Amino acid sequence: MALWLLNHFSTFTLAVVAVGGTVVLAVTGSVLLRRRHPSLARGEHNDMVGVTLGMFGAIYGIILAFVIVTLWTQLEETQSIVASEATSAALITRDAEAFPQPVRARLDTAMSGYVHAVVEDQWPRMRAGNPSYGATETHLQDAFRALQTYEPGTQAEQVFYERASEHLDDVASQRRARITMARRELPALLQALAFGGALVLIPLTFLYGLRKLRVQILFVASVAGLVGFSLLLVFVLDRPFAGDLSVTPAPYREGALARYWTP
């Protein structure tokens, strides 16, 4: 459900629904409770509620900050992995220029098929939460076989052969890291803590009585809006390959790999 929402609605739409919906529900709940219990407006229990709200808000804020920073770091790490994989693939194509034509053509075909498989097959699978090694395995094996069956004839070819082999190993390693990141998500307990905490914190603001209704509404709406926006960040950042803020396959179309995409 989360992936479907991220892939079918813009971040702006999700923000309007999530933040706006949280604020509307919170304000409605506060007004209804105030009408049912008019004595809350006198603020007879504000001292106790204020201490409880402050303590719980501080703990919940630290937890949300930790979760958001962790997810943001994960997104940046995923972007770095993708860029490194694309760079390694590009370096292989450059190293292959030192090889004889048959070997160069074989390796070129394998790497072309690999980057197309990553962008056209593997990327949609990762966006849908169903990453697979099989989408690129054949092309990667072709590249390995092209190098394994080649015997460098000169010193220069030997140097580029060793570099190409190292870069190909890097591609395989970074592919595994990328797929691992595509499968990763926030643990269920942290999700329950992040989203469940809001169900405790926001209703607590209803109990903090203020004489003027407008001030009460502003207070409740501010807390609800902040919590709603924070939870939206958790929701959006939890899936690095889905949604508007997702990692894109642009690095596989740029630099030395751009020639694989020309008609």
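Note that this is a predicted model, so its numbers are computed, not measured.

1. Focus: the overall build of the protein chain
Moving on, step 1. Each helix and strand in the protein chain was counted, giving eight helices and zero strands.
Moving on, step 2. Listing every helix and strand of the protein chain by position from the N terminus yields α-α-α-α-α-α-α-α.
Moving on, step 3. For 263 residues, the compact-globule estimate of 2.2 N^0.38 gives 18 Å, and the protein chain exceeds it by more than 25% at 27 Å.
Moving on, step 4. If one aligns the C-alpha atoms of the protein chain with their principal axes, the spans along those axes are about 90 × 35 × 25 Å.
Moving on, step 5. For the protein chain, the residues scored as buried account for 41% of the 263 residues in total.
Moving on, step 6. In the protein chain, 82% of the contacts between residues at least 6 apart in sequence involve partners at least 24 apart.
Moving on, step 7. As presented, the protein chain carries roughly 14,000 Å² of accessible surface, and 63% of it is formed by carbon and sulfur atoms.

2. A look at the pattern of salt bridges
Moving on, step 1. Counted by the stated rule, this structure contains seven salt bridges.
Moving on, step 2. For Arg125, the salt bridge goes to Asp121, with nearest N and O atoms at 2.8 Å. Of this pair, Arg125 and Asp121 both sit in helix α4 (residues 101-127), separated by four residues, roughly a single helical turn.
Moving on, step 3. Ionic pairing is found between Glu137 and Arg175, a salt bridge with its closest N-O pair at 3.0 Å. With Glu137 in helix α5 (residues 134-148) and Arg175 in helix α6 (residues 155-183), the pair connects residues that are 38 residues apart, well separated along the chain.

3. Let's talk about the side chain of Ser30
Moving on, step 1. Checked against the element boundaries, Ser30 lands in helix α2 (residues 11-36).
Moving on, step 2. A relative accessible area of 4% means that Ser30 is categorised as buried.
Moving on, step 3. Once you skip the residues sitting within four places of it in the chain, Ser30 turns out to touch Phe206, Gln216 and Val220.

4. Description of a negative patch on the surface
Moving on, step 1. Taken together, the side chains of Glu162, Glu166, Asp169 and Asp170 define an acidic patch exposed on the protein surface.
Moving on, step 2. Looking at the secondary structure, you find Glu166 in helix α6.

5. Considerations on the packing of aromatic side chains
Aromatic ring pairs are defined here through the distance separating the ring centres and the angle between the ring planes.
Moving on, step 1. By the definition in use, this model includes seven aromatic pairs.
Moving on, step 2. Ring geometry for Phe99 against Tyr150: centres 5.1 Å apart, planes inclined by 50°, an arrangement best described as tilted. Of this pair, Phe99 sits in the loop between α3 (46-95) and α4 while Tyr150 sits in the loop between α5 and α6, and the two are 51 residues apart along the sequence.
Moving on, step 3. Judged by relative accessible area, Tyr150 falls into the buried class, the value being 6%.
Moving on, step 4. These aromatic residues form a ring-pair network of at least three members: Phe99, Tyr150 and Tyr161.
Moving on, step 5. Note that Arg253 overlies the ring of Trp261, its terminal NZ or CZ placed 4.1 Å from the centroid.

6. Quick notes on the nonpolar core
Moving on, step 1. Grouped together as the largest cluster of nonpolar side chains are 56 residues, with contacts concentrated most on Phe99, Leu107, Met111, Trp123, Leu168 and Tyr252.
Moving on, step 2. When contributions to this core are tallied by element, the ones reaching two or more residues are α3, α4, α5, α6, α7 (188-206) and α8 (213-237).
Moving on, step 3. Not counting residues within four places of it along the chain, the set of residues in contact with Leu107 comprises Ile92, Ala96, Phe99, Ala143, Ala146 and Leu147.
Moving on, step 4. Counting residues in hydrophobic clusters, the runner-up holds seven residues, among them Leu3, Ala15, Val236 and Ala242.

7. Examining the packing of α2 against α8
Moving on, step 1. Running from amino to carboxyl end, α2 crosses α8 at an angle of 145°, the nearest separation of the two axes being 8 Å. Of the two possible hands of crossing, α2 and α8 adopt the one that is right-handed. Residue-level contacts link Leu14, Ala15, Ala18, Val19, Thr22, Val23, Ala26, Val27, Ser30, Val31 and Arg34 of α2 to Leu213, Gln216, Ile217, Val220, Ala221, Ala224, Gly225, Gly228, Phe229, Leu232 and Phe235 of α8.

8. Overview of the side chain of Glu85
Moving on, step 1. Positionally, Glu85 belongs in helix α3.
Moving on, step 2. Looking at Glu85, its side chain comes within polar contact range of the side chain of Tyr114, at 2.4 Å.
Moving on, step 3. Setting aside residues no more than four positions away along its own chain, Glu85 makes contact with Tyr114, Val171, Gln174, Arg175, Arg178 and Tyr252.

9. Notes on the layout of surface pockets
A water-sized probe rolled over the atoms picks out the places where empty space is left.
Moving on, step 1. The calculated volume of the largest pocket comes to roughly 540 Å³.
Moving on, step 2. Taken together, 23 residues make up the lining of the largest pocket; nearest its centre are Val17, Ala18, Thr22, Phe195 and Leu231.
Moving on, step 3. Put simply, the parts of the chain that give the lining of the largest pocket at least two residues each are α1 (2-8), α2, α7 and α8.
Moving on, step 4. Top element by residues in the lining of the largest pocket is α2. It accounts for eight residues.
Moving on, step 5. Grouping the amino acids of the lining of the largest pocket by side-chain chemistry returns 19 nonpolar, four polar and no charged.

What counts, and where the lines are drawn
Residues numbered from 1 in each chain as written. Predicted model: local features only at pLDDT ≥ 70, side-chain atom pairs only at ≥ 80, totals over all residues. Heavy atoms only, no water. Helix = DSSP H or I, 4+ residues; strand = E, 2+ residues; numbered from the N terminus. Rg over C-alpha atoms; globule rule 2.2 N^0.38 Å. Buried < 20%, exposed > 50% of the residue type's maximum accessible area, 1.4 Å probe, protein only. Contact = heavy atoms within 4.5 Å. Areas by Shrake-Rupley, 256 points an atom, 1.4 Å probe, with all protein chains shown as cover. Salt bridge = Lys/Arg side-chain N within 4 Å of Asp/Glu carboxyl O. Patch = residues over 30% accessible without salt bridge, like charges linked within 9 Å, V, L, I, M, F, W, Y side chains within 5 Å. Lys, Arg positive; Asp, Glu negative; His and termini not counted. Charge placed at Lys NZ, Arg CZ, Asp CG, Glu CD. Phe/Tyr/Trp six-rings, centres within 6.5 Å; stacked < 30°, edge-to-face > 60°. Lys NZ or Arg CZ within 6 Å of the ring centre and 35° of its normal. Core = buried A, V, L, I, M, F, W, Y, C linked by side-chain atoms within 4.5 Å. Axes fitted to C-alpha atoms, helices over the stretch in contact; angles between N-to-C directions. Left-handed = near helix turned anticlockwise from the far one by under 90°. Polar contact = N/O pair within 3.5 Å; in protein donor to acceptor, adjacent residues only side chain to side chain. 1 Å grid on protein atoms, 1.4 Å probe; cavity = no way out; pocket = protein on both sides within 12 Å on 5 of 7 lines; lining within 4 Å. Points joined across faces, edges and corners; volume = space filled by probe spheres on them. Nonpolar A, V, L, I, M, F, W, Y, C, P; charged D, E, K, R; others polar.

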